[in-house]
Every structure is written in structure tokens, then in C-alpha cells.
Amino acid sequence: MDLYKKLSGKWDQLMVRGFRSFHPFVLLVYYVFVITSLMLYQHPFFLLTAVFLLIGFNYLLDKGEQLKKWGWMIVIMCTFILILTPLFNRRGNHIEFYLFNNPIMLEAMIQGVVIALTLIGIIMIFVTFNMVITADKFLFLFSKWLPKWALLTMLAMRFVPLLKRRLQDIEQVQQSKGMSIKHGSIRQRARNGMLLMQILLTFSLEEAIQTADSMAARGYGLQKRSKYQAYAMQKRDTFALSFISVATVIIIFGWWLGDGVLMLLPILEPLWLYGREWFYFTIWLLLIGFPIWAEGKEVMKWKFYQQKV
Amino acid sequence: MEILSAKGVNFTYADASESVLNEINFTIYKGDFVVFCGPSGSGKSTLLRLIKKEIAPYGDKQGTFFYQKKSIEEHDPLYIAKEIGMVFQDPENQIVMDNVMDELLFGMENVGFSTTEMRKKVAEMVHFFGLNHLVNKKTSELSGGEKQLINLASILLLNPKLILLDEPTAQLDPIASKEFIHFLQRINDEFGITIIIVEHRLEELFAVSNRVMMLDNGKITVDTEPRHAVGKLHHNMRNFLPTTALVYLDFNPDICLDEIPITVKESRQWLLNQKISGKQLEPTRLAKGNPLVELKEIDYQYTKHTPPVLQNLSFTVNHGEWMAIVGANGTGKSTLLKIIGNILKPQHGYIKLNGKKVKQLDPTIIGYLPQNPKVYFLQDSLIKEYRQIVQKQPKKEKDIDYLLEKFQIQHLKNRHPYDLSGGELQKAALIGILLTNPSLLLIDEPTKGMDPDFKDEFGELITDLVEEGLTVIMVTHDIEFAAKHTTKCSMLFQGNITVTENTREFFLENAYYTTAISRITRDSHVPSAVTLEEAKKTWQNQSGS
């Protein structure tokens, strides 16, 4: 377990076959579909299961490290929603109690729970999105449709650490000359700061000429560029894509029939699932739990492998 | 077989009246390793850039370059981009991408390779160069030497037949530059790729090249094999030659061009047959001086989670010394300099200047000359910059003229700092620093990219200043430069000063990290020497003819 902890930062590189190893396009489709589903299915039972599945997904990815950073934010937001929704929403048939002479409806309370669960689910899935679709995968997807912009983004990305370092160099040397942005009157400091930026700009433009030369020397701009496909669609990607798509189609169909939505008005539906809803619930489990299955399979494999050795 | 030739090439820059290149004619054959040398401003880089059409400077060009017997203009530009590769001086600025893999792919994507081709080529290149540990890194995390290797690799991926290199090792430390030249030798030996390299640092290059061309004032003055070139350059371009050859030229009674030694090994063998006598100088002990700077128990780390750069470092520099701090890359030399200059604050320990603890940075006591003097200038001409520095003391106007005169850059005072050459820029920034009359000068790697003549001149300038009472602490990789000019040397290793000695004794005792002539004379029957000047003073050759 200690090793797992040490490596959890670099887990991405170790996972050859986990969820993250799918083609970025498959991953993107998964996220679009799951977020859509979360917004369509307004049923506390469905949403609560989804939240548990997503917690599991987060745990498998990084032991929930990233999710913990959002913990307080989620708690505070939920409290507000849970308190405020029943206060403002007074439509319904079941009066639970009166608060300052205002009726508090059961329907409104359920509505609050549904909204809170939807938000939690969406936040959680976005936390995993950042870990799964890393910058280079995002750029890869992006460059499919806008290759020029993608190249420009990549060039710009290189300049961020470069400019940062240069500014630091300039600042230090100018400081040794007695020009500082840390001492003196605000006006003086602002003036010095502007001067530093000016030097950074002229200096960087001057250096960029060399970068342009080096690009030209390697044949940039002579013809349309080809693109290195870092990710290739494999059989398993196609399978995954079909599975995700079929599951989503079924789920949308269920929504259209009204099965995944808890009816509040005019009559409150029972909370517990019945009939056809169980079928959609199974599909729901399979779709949202897909990464857990893909990722968990690998974790199990390693556990057994270590035991055998 | 001929690969590249020039027929009557003349070139004048668009805004200049005098031509840079005059009647250049040469023919280079497949598999040649050609070294172009010559003083700064002799037109070497211009010549190289003219061959590569995409980056040719603007101006009036006459004459033609022929690539594989066909004028370069008539070739398909895409073909030329693939066939002729170019590596530039600055390792950093040539890199385009954020991570190494993308950088390697960049050129191949430009010329339209398919993904499978690219994957295969990158794989074989990474294996050949042993770059496996770098492929997944960010380019900003690499050292200068690694960056330059990536630049070379990304060009080799296009399968060039000819590679042009414009001072590729000028910004590298000696170990990295040796490694780089070793790679060049390999691709020349093992694949027959033709190489044309422009360089000032020739110690290693003479041994690996098969042709040396000297460019002086836009004309090719020498074009022959390395040993003969050494003989021909002996009189007017002494500083460009390797010390190994200079010992021979200075002490062998009659010179035979084919016998000139160009490696330490050859030089040692020649020395075996010489009867050289002389007095061995007595080693001098470190004298107790009057301390100017004292560092006590300095610890420094950049962030909490990175390993410490300096650990419990204590160190003293006396008045009137020129101290060189040597050591490999990443041992914290520049950091140490910044700490002495009060630019960085150590986490532990203190610095005393003249016996008093330093609290705040004072530019009238300490002057700091950075590695890249470009960042020193704020104004758009030298003279404006100097006027700004002395604005509060009108008396000092005279000093500006005096220093400009002394440093011989009077004629450049109205220029924009970025239009100066590397060496001129060092001088110009130095004047700015001296205007505040500091008693301590900190210099970071001043000899990077300077030509040998300029280096000597710079060394003498600093020596003068030291004699006038300035104390200098210099960080450098340039062992030969340190041995020739400084008074004391310290070696930094793993965040601590391991040894401080008088320069001569320091290099005499070192077996590996020392000057070429010390390596030649070490354990031999002749009196050991650290610099050629010392040998000249003490040796007499009696094997005369």
C-alpha cells in the first residue's frame, strides 16, 4: 500500500489498461453522455447511486485526493440548497410542518435533494475529468477540429515557463542595480514594474526571432503539416464507444418515457423503484459505473498478482 | 563526391556599405567535417545562413551555392529543408514546443511524415542518442547540453545529408560541449553525414575535423587539413589554436606541419623526446589576507520541497583578489553568487562585508554582472543607460567617457544594447556597473560565446581593475581562462566549497579538472606548468637542432 501511495502521483503512467488508457475521443463521449444523463434523471434514488459510484471512481483514480479539496465547497452548497429550496418552493400536496407560518412541502424537500445531488454529481465528474482528460489529451482532441489553434496553443504553452523565468532574471538583475518593485512609493514601484515588463517584452521579441529561424529551418510553413496521432482507436475503444452509446440511448429513451424522473406534481410518485424502472436502473449502474469496472479490474489484477508472487 | 560548393559568393547587408563576404569559393565533399573559424564579425554566421535559404539575411548577394551540383535556388524548398539541417547557438531559443516528444515531432510534421513513419523514426533516434530518460520531460526542465542534443536530434529525424552548426557549444559548459562534439563525430563517422561547424572553441574540434577553413574579413584565408591549418594560423591567430599544438609550436626547434600534435596524447608523446629543463616554481601557500566578504554557514534551497542547493557553506574572499568559483552544472555556483550579491536571501547563516553584517542590497558596494547582460539594460542606447545611472551625480559624466575609452567601445555608445555582440555587451554592462564604484564585482560566466582574442582582452581588463583595488568573484566553467587570469580558485561540490587555493596550486594538484598544459606536463620529466605563459617563462629546450 505504501508503494501505491508513492506512485499515486504517477499512476497515470503505470495504468496501461485502466479507464484512462481509452482513446481520448471515447473518454470525451463518456463525459458528455454521463453529464447529460445526470441532468436528465431527476430521481433521488438514481442520483444517489450515481454519487456513490462517482465517489468510488474518484477513490480509484487518486484515493480521493482531488475530491477532498472540494469537500467543504460541496457541503456548504448542499446545505444552502437543502434549506433554501423548501423555503421558496411552496408547490405540493404534502405539508410536513409550518415554519414562521409558512408551509414546508415534502415535494419541495425532495426537489432540494434532487438539485443538490445533481450538482454534487456534476462536480464529482468534473473532478475526474481533470485527471482523466489531461492537457495533452485535450489538445489532441482540440487539434482534430482546429489544428492551427492547437499549434498556437502549444507554442504559447512553451512561453509560460520561459517568460516567468526571464522576468525573474530581469527582476533580480535590476534589483542588483537598485531598481526594485518591492521598495519605494507606489508610484515609483508601478513605474519600475512597467519598465521591467517593457524589457521583458523587447527581450522576448528579440529572442523569438531565433525561434522563428529555427522553425523555418525545419521546414515550417512550406506545406500543410501532418499530425502525429499519439492515440490510435483500437478494438477495445470501439467496443467501449458502442457500449457507452447504446447505454445512453436506452437511458434517454427511459427519460422520454418518464421512468427516470420522480414525478412530484400533480401526484407524488412513490420514491422506491418499481417495474420498468429497475431495468433503467441497471443500465444506469452500468454506464456510470463503467470507469469503476475498467479501473477496478486493473487494481484487482495487481492485488492478485502481488499475492501470487 | 561533391555535396556543397560556393562559386564567387559576395554579400552585403541591406543597410551596410561594406561587404561582409568577398569572393567566397569552396567545395565540400560528402562526409567532410569542416570547421569554420575566425574572429567575431568575420562573416562566418552570415555565410552559414546564406546556405540555408529560408533564414538567409536580407541584403545584396552575388554568386551561387550549389547543392549536389545544382543551384540551391533551383531545388525544391521542401527537399532542401530536409536535406540541410541547421543547429543554432542558443539552445533555449531554438526549442519550439513545451515537451520533448512534441519538439522531436515538430520538424517531421512540417514536412508531412505519416504517424507510423514518425513513430518509427523517433524510436530509433531515441535509442541511438540514448534519450529515453528525456522523452517524457518538459523542455524547460532540460539542461543546456540536453537541449542542444534535442535540437540536433530533431534535425537528424529529417534525414539530412548536410548539417550546419552555428557555434552550437558556445553556451554549453565544457563537459556538455565535449559530449555534443562527440555526438557530431559519431554521426559523421557512422553515417557519413557532412558537417559544417562554425565555432570559437576549437580545442576538441581540431581533433575530430578533417578540414579547417579560416574566414577573416570576409575572405577564406586558410582551407586545409587541421595540422597544416595550425601551422598556417600560428602567427596571426594564435589564440584560436589548441594549447596542445601551441606547446609544440613554441618549443620545438623546427616545425614540421605533419607532426603538430593536436590532442593531449600526441602532445605528451612529443614531449617525451624533448630535453626541456627549467626551474620548478615553488608552490605558494594561501596568504592570510584582509577579508572583504565572509559567508558563514549558509544554507539555501529554492522551495521547501526541493533539495538544498547550498549546505552549511562558509567562505571568505579577501581584498584585492580575483576569485574564481568552478564546478559542474547545477552545483549552485550562480546561486552562491546571487547570495553574495544579496539578491537571494539564505535560509540560514549570514554574510559579512568589511566585518559588518549585510542587511540590504547596496549597488554602490556590490556590482553584479549577470550571465546574460541583455537583461541589464533598460534604455535603448548605451549612453542613455549610463546617464541614467549617474543622474544624481553630474560629476561622474567624465567617468563615462573615461570608461568608454578604457574599454574601447567609444564608437558603440549610441547603439542599442541588443545590437552588440556577446563580448561587447559584457563590456558595456561592466561599464554600467563600474559607474557606481563598487568595491566588489560579481561576474557570472563572462566568457560564454566570446572569441579567444576577446576573452584575453576581457581578462586583462578585469586584471587591471583588480590591480586598481577591485575585488572580483567570478563563476566560470572556463578552466583555461581561470588559470590564466585569476588569483585564487575554489571548487564547489554538492552545495559546499570543497577546496580553495591559489590558482596555480589549485590546477597543479588537480588531475582531471585542470588545464590542457597541466595534463600534458603532469607526471612527465619536464617541470609542470599550468599555463603556457608559465611554461614560456620557466622552460628552456635543449634538444635544439
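Every chain is numbered independently, its residues counted from 1 as its sequence is written. Here chains are named by letter from A upward and ligands by number from 1 upward, in the order in which they appear as written. Selection of residues for local features in this predicted model requires a pLDDT of at least 70, selection of side-chain atom pairs for listing and counting requires 80 or more, and totals for whole chains, interfaces and linings are taken over all residues.

**A short note on the domain arrangement of chain A**
Splitting chain A by domain gives domain 1 (16–133 + 231–240 + 255–308) and domain 2 (146–217). Domain delimitation follows an automatic or database domain assignment. Placing a centre on the C-alpha atoms of domain 1 of chain A and another on those of domain 2 of chain A gives a separation of 45 Å.

**Examining the interface of chain B and chain A**
Each side of the interface is counted separately: chain B has 42 residues, and chain A has 36 residues. Breaking the side of chain B that touches chain A down by element, the ones donating at least two residues are helix 2 (77–83), helix 3 (100–110) and helix 4 (115–129) of chain B. Numbered from the N terminus, helices here are DSSP runs of H or I no shorter than four residues, and strands are runs of E no shorter than two. Considering every element that reaches the side of chain B that touches chain A, the biggest residue donor is helix 3 of chain B, with six residues. Gly is placed with the polar residues, together with every amino acid not listed as nonpolar (Ala, Val, Leu, Ile, Met, Phe, Trp, Tyr, Cys and Pro) or charged (Asp, Glu, Lys and Arg). Split by residue class, the side of chain B that touches chain A holds 23 nonpolar, 10 polar and nine charged. Once C-beta atoms have been placed from the backbone, residue pairs whose C-beta atoms lie within 7 Å are recorded as contacts.

**Quick word on unusual backbone geometry**
Residue and element names in this part refer to chain B. The backbone of E167 sits at a positive phi, close to 45°, despite the residue not being glycine. Within the fold, E167 resides in the loop between strand 7 (162–166) and helix 6 (174–191). The burial label depends on the number of other C-beta atoms within 10 Å of a residue's C-beta. Counts of 20 or more mean buried, 12 or fewer mean exposed, and intermediate counts mean partly exposed, with C-beta atoms placed from the backbone. Residue class for E167 comes out buried when judged on the 22 C-beta atoms lying within 10 Å of it.

**Section: the sheet that holds strand 4 (residues 59–67) of chain B**
Residue and element names in this part refer to chain B. Strand pairing is assigned whenever DSSP detects at least two bridges linking the two strands. The strand order across the open sheet formed by four strands is 2-1-4-5, and the pairing between neighbours is antiparallel. Only two strands of the sheet have a single partner each, and these edge strands are strand 2 (21–29) and strand 5 (70–71). In the sheet, strand 4 pairs with strand 5 via two bridges, with the strands oriented antiparallel. Its bridge partner lying in strand 5, Y67 is registered against K70. The sheet strands contacting helix 1 (residues 44–51) are strand 1 (2–13), strand 2 and strand 4, and the helix crosses strand 1 at an angle near 120°. Axis definition: a line fitted to C-alpha atoms, over the contacting stretch in the case of helices. Angles run 0 to 180 degrees between N-to-C directions.

**Let's talk about the packing of helix 4 (residues 44–62) of chain A against helix 12 (residues 290–308) of chain A**
The angle between the axes and the distance between the axes are what describe a pair of packed helices. Residue and element names in this part refer to chain A. Between helix 4 and helix 12, the shortest axis-to-axis distance is 10 Å and the interhelical angle comes to 40°. It follows that helix 4 is oblique to helix 12 by the angle criterion. In terms of crossing hand, the pair formed by helix 4 and helix 12 is left-handed. Taking contact as the criterion, the partners of L53, G56, F57 and L60 in helix 4 are, on helix 12, P291, I292, E295, G296 and V299. Of the residues in the contact of helix 4 with helix 12, the class split is six nonpolar, two polar and one charged. Any angle between 65 and 115 degrees counts as roughly perpendicular, while under 35 counts as roughly parallel, over 145 as roughly antiparallel, and the rest as oblique. By definition, turning the near helix anticlockwise from the far helix through less than a right angle yields a left-handed crossing, and turning it clockwise yields a right-handed one.

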